[in-house]
Amino acid sequence: MKKHHTPQLAGVALIAFFALFPFIYSAGDYDYIMHIAITGFFYAILASSWSMLAGYAGQFSFGHIGFMGVGAYTTALFCHYLYLSPEPTNICTEFLIGEQYLILVNPIGVTSSTLTQDCLRQALSIWDGSVQITPMPVWLGIILGTIMGGIFGLLIGLLVLRLRAAYLALFTLGFAEILRATISAEILITRGQAGIELPHLFDNGITLFGHAFTRTDKLPPYFAMFFLLLLCLGILAWLAKSKFGLFVRALREDQDAAAALGVNTTRYKVLVFVITTMMAAAAGAMQAHYVGIITPNNLFLLQMSLVVAMAVIGGVENFVAAAIGAIVIEFVLEMLRNSFDIGGITVDMTIWRLVIFGILLMLTLRFSRNGLILPLIEHFTRGHVAKETVAKRAAGASS
Amino acid sequence: MTNLAVKGLNKRFGGLHVLKGVSFEIDGPELIGLIGPNGAGKTTLTNILDGAIKPNSGTVYLNKQRIDQLPPYEVARAGLGRTFQVTRSFRRMTVLENLFVPALALNRGHSREEIAQKALEVLEFLTIDHLRNEYAQALSGGQQKLLELGRLLMLDPEIVILDEPFAGVHPRLMEVIYRYIERVNGAGKAIILISHQMDSIFTLCRRLLVLNYGDLIADGIPDDVKRDPAVIEAYLGADEEESNGEQGGRAQS
Ligand SMILES: Nc1ncnc2c1ncn2[C@@H]1O[C@H](COP(=O)(O)OP(=O)(O)OP(=O)(O)O)[C@@H](O)[C@H]1O
Ligand SMILES: [Mg+2]
């Protein structure tokens, strides 16, 4: 049997390209292009993990954006409400842990800061700079967000065990909407539509390759998100070619038949939920720190549709195709933002680009159900199968 | 030695009493035919033995292990495998991948190479090895039936229940299925064969169970069963019409 290495080589070339891109690219819109790339990586994590859940395992969940939000809000709340201080404030709820006090800031909602201050701000103004408080480490927030995403994934996974197809889609959609509504309504804690500000990914700057970067430089978050994407793709690749991948696909095809052949379908259904929701939560947490604010608007259904569309246009049954689809579409959507004039009529592309995107999605679904990138990959990996079958049949007939 | 002990199985679907205290026992590598008119409860009995549905009362022991409350995957691992009346292949997975599923689910510590080798041998035996890398959905109906048998060969259970393996199958493929039955039975495994094709049943089976709307009305060697007045009245006498009606029913499913 002939082995085809084209997809692997293309993969290595893509990784090398994105690893070198920030050093090669030097146009005036550097920060803007880097921002699109980071956002593209973020969507690539969502789309590829969703493709494992929906494309491989057949669990068409519309809650993925909700789990992304769980990750983002977990780290946001963690960094917003917890601080370490060497001195007690005596007004906040606080716990002595070793040498330090863990300060739990009281929620004040969205009020003018001159009227009400939270207990920590009051303490700080009393101390007048004599005490240095420490915020929570960002990486810990991201890890907690990831774990929280997994816990929510486990609960939802258990709840949808007996639901199939359309009911599962509706249930998970309900979950995401309830989460968004709750966050919007719980203004005292989540600050509602005002959103919660988060410390930047590298709030104190970072030195990389002998160069000191500030917290607003794009290169460090670029690589942070890029490595998170590579980590997720690595895990997905490993899962896909292990028996996990085989079993979840069997689950998608026929749950009862898989069970009759010895597959613990319950376990794999829950597992695939937990793993993919953790990825969505990790991406959400990191993106929230990169952007510096999270609001309930980030959890809109529109965002979910975007993720689904990216995966579908790339190819939902292959997580690499979904990831590439996400990055390409993020770039194309941004590039299409430039409005233009035709004979005195201004075409507002910020709106029309979504129409073009929708038409592309419909055309893909109608004419290329496997997406636009997956057929390319299949061409190289499975192109020989038909020839092989015919050859074998001919050989069998003549013997 | 394989032992399956079924005691007093009752199953109701709402008001419908589908199995009425069914009891029988299988000892060793028997080849048993399970017959009965459409709606007699044969598939329901299969589903209960395989753990897919739970009985309202009664017990099933496989080699002294109680299996009637176990989930299907544990029943499969305990040594009972089945095919489905309406084929259920993993359509968008290749033929080889279909065979890997039970082999890896059992986790008997075989390497991937060993499993792949076994799979190829099985496919050759079933005469569909040229299709190994095709998606199962590219297979014909009859070939998909063979694929299901292939998966069972990989699972290699102590007892196999074949639900209508001959339905819609060309004589040439029938030959292959016959060889499959010989191979599995010859290897010391028990087989329960559900079929409306009386010639196959009488050629292959050394013992018959007759189910008639939930009642097990006969259990014995084919010659005795053939002459049993209750069986003749319920089933065999109406053989011609039965098989005609059955054709129609099959076309729907
Ligand atoms: N899930 C179910 N819910 C309700 N009734 C059911 C269910 N499954 C089977 N039945 C009923 O139980 C009876 C027995 O069905 P079963 O499929 O076991 O028959 P069978 O002997 O396999 O028939 P055939 O020869 O047509 O395959 C039928 O009357 C059927 O309608
Ligand atoms: Mg039946």
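Please read all numbers here as calculations on a predicted model, not as lab measurements.

All names here are of chain B. In the vicinity of ligand 1 lie 13 residues, with Asn38, Lys42, Thr43, Thr44 and Gln85 positioned nearest. With respect to ligand 1, the backbone of Gly39 contributes an N or O atom lying 2.9 Å from an oxygen atom. Bound to the protein, ligand 1 loses 61% of the 640 Å² it would expose on its own. Those elements giving two or more residues to the shell around ligand 1 turn out to be strand S2 (16-27) and helix H1 (42-49).

Attention shifts here to the pairing of strand S1 (residues 3-13) of chain B. Residues and elements named next belong to chain B. Sheet topology places S1 next to S2; 9 bridges connect them, and they run antiparallel. In the strand pairing of S2, Ala5 is matched with Glu25. Between S1 and S2, which pair antiparallel in sequence order, lie 2 residues; one of them, Gly14, sits at a positive phi of approximately 60 degrees. When S1 meets strand S4 (residues 57-62), the two strands line up antiparallel, connected through 5 bridges. When the sheet's bridge partners are listed, Ala5 is paired in S4 with Tyr61.

So, about the environment of Val122(B). Residues and elements named next belong to chain B. Along the chain, the position of Val122 falls in helix H4 (residues 112-125). Taking the C-alpha atoms as reference, Val122 lies 16 Å from Gly142; in sequence the two are 20 residues apart. Not counting chain neighbours up to four residues away, the residues in contact with Val122 comprise Leu99, Gly150, Leu153, Met154 and Arg183.

Turning next to the packing of aromatic side chains. Between two aromatic rings, the relevant description is the distance of the centres plus the angle of the planes. All chains considered together, the criterion is met by 22 aromatic pairs over all chains. Three or more aromatic residues joined by ring pairs form one cluster here, namely Phe17(A), Phe18(A), Phe21(A), Phe23(A), Tyr25(A), Tyr30(A), Phe41(A), Tyr222(A), Phe223(A), Phe226(A) and Phe227(A). In this arrangement the basic side chain of Arg88(B) is found over the ring face of Phe84(B), its NZ or CZ atom lying 4.8 Å from the centre.

Moving on, we get to the packing of helix H3 (residues 64-81) of chain A against helix H11 (residues 265-291) of chain A. For any two helices packed against each other, the geometry is given by the interaxial angle and the distance between the axes. Residue and element names in this part refer to chain A. The contact between H3 and H11 brings their axes to 7 Å, and the two run at 50 degrees. As summarised for this structure, H3 and H11 are arranged oblique, according to the angle between their axes. Here H3 and H11 pass one another in a crossing that is right-handed. Across from His64, Phe67, Met68, Gly71, Ala72, Thr75 and Cys79 in H3, the residues of H11 making contact are Thr276, Thr277, Ala280, Ala281, Gly284, Ala285, Ala288 and His289. Its residues assigned to classes, the contact of H3 with H11 shows 8 nonpolar, 7 polar and no charged.

Turning to the domain arrangement of chain A, a few remarks are in order. All names here are of chain A. For chain A, the domain assignment lists domain 1 (3-79 + 137-335 + 368-390) and domain 2 (87-131). On a C-alpha basis, the centroid separation for the pair domain 1 and domain 2 is 36 Å. Each side of the interface is counted separately: domain 1 has 5 residues, and domain 2 has 4 residues. Summed over both sides, the interface of domain 1 with domain 2 buries roughly 360 Å², with 73% coming from carbon and sulfur. Considering only the surface of domain 1 that becomes buried against domain 2, Ile187, Leu188 and Arg191 emerge as the three largest contributors, covering 80% of it. For the interface between domain 1 and domain 2, the tally reads 0 salt bridges.

Another point: the sheet that holds strand S3 (residues 31-35) of chain B. All names here are of chain B. Strand order in the open sheet formed by 6 strands is S6-S7-S8-S3-S9-S10, and the pairing between neighbours is mixed. One side of each edge strand has no neighbouring strand; the edge strands of this open sheet are strand S6 (80-82) and strand S10 (215-220). With strand direction ignored, the average angle separating the axes of adjacent strands in the sheet is 15 degrees. Strand direction decides the pairing type here: S3 and strand S8 (residues 190-194), joined by 4 bridges, are parallel. Residue pairing across strands places Gly33 opposite Leu193, the latter belonging to S8.

Definitions and cut-offs
- Residues numbered from 1 in each chain as written.
- Chains lettered and ligands numbered in written order.
- Predicted model: local features only at pLDDT ≥ 70, side-chain atom pairs only at ≥ 80, totals over all residues.
- Heavy atoms only, no water.
- Near = heavy atom within 4 Å.
- Polar contact = N/O pair within 3.5 Å; in protein donor to acceptor, adjacent residues only side chain to side chain.
- Areas by Shrake-Rupley, 256 points an atom, 1.4 Å probe, with all protein chains shown as cover.
- Helix = DSSP H or I, 4+ residues; strand = E, 2+ residues; numbered from the N terminus.
- Pairing = 2+ DSSP bridges.
- Contact = heavy atoms within 4.5 Å.
- Phe/Tyr/Trp six-rings, centres within 6.5 Å; stacked < 30°, edge-to-face > 60°.
- Lys NZ or Arg CZ within 6 Å of the ring centre and 35° of its normal.
- Axes fitted to C-alpha atoms, helices over the stretch in contact; angles between N-to-C directions.
- Parallel < 35°, antiparallel > 145°, perpendicular 65-115°, else oblique.
- Left-handed = near helix turned anticlockwise from the far one by under 90°.
- Nonpolar A, V, L, I, M, F, W, Y, C, P; charged D, E, K, R; others polar.
- Domains from an automatic or database assignment.
- Buried area = accessible area lost by both parts, 1.4 Å probe.
- Salt bridge = Lys/Arg side-chain N within 4 Å of Asp/Glu carboxyl O.

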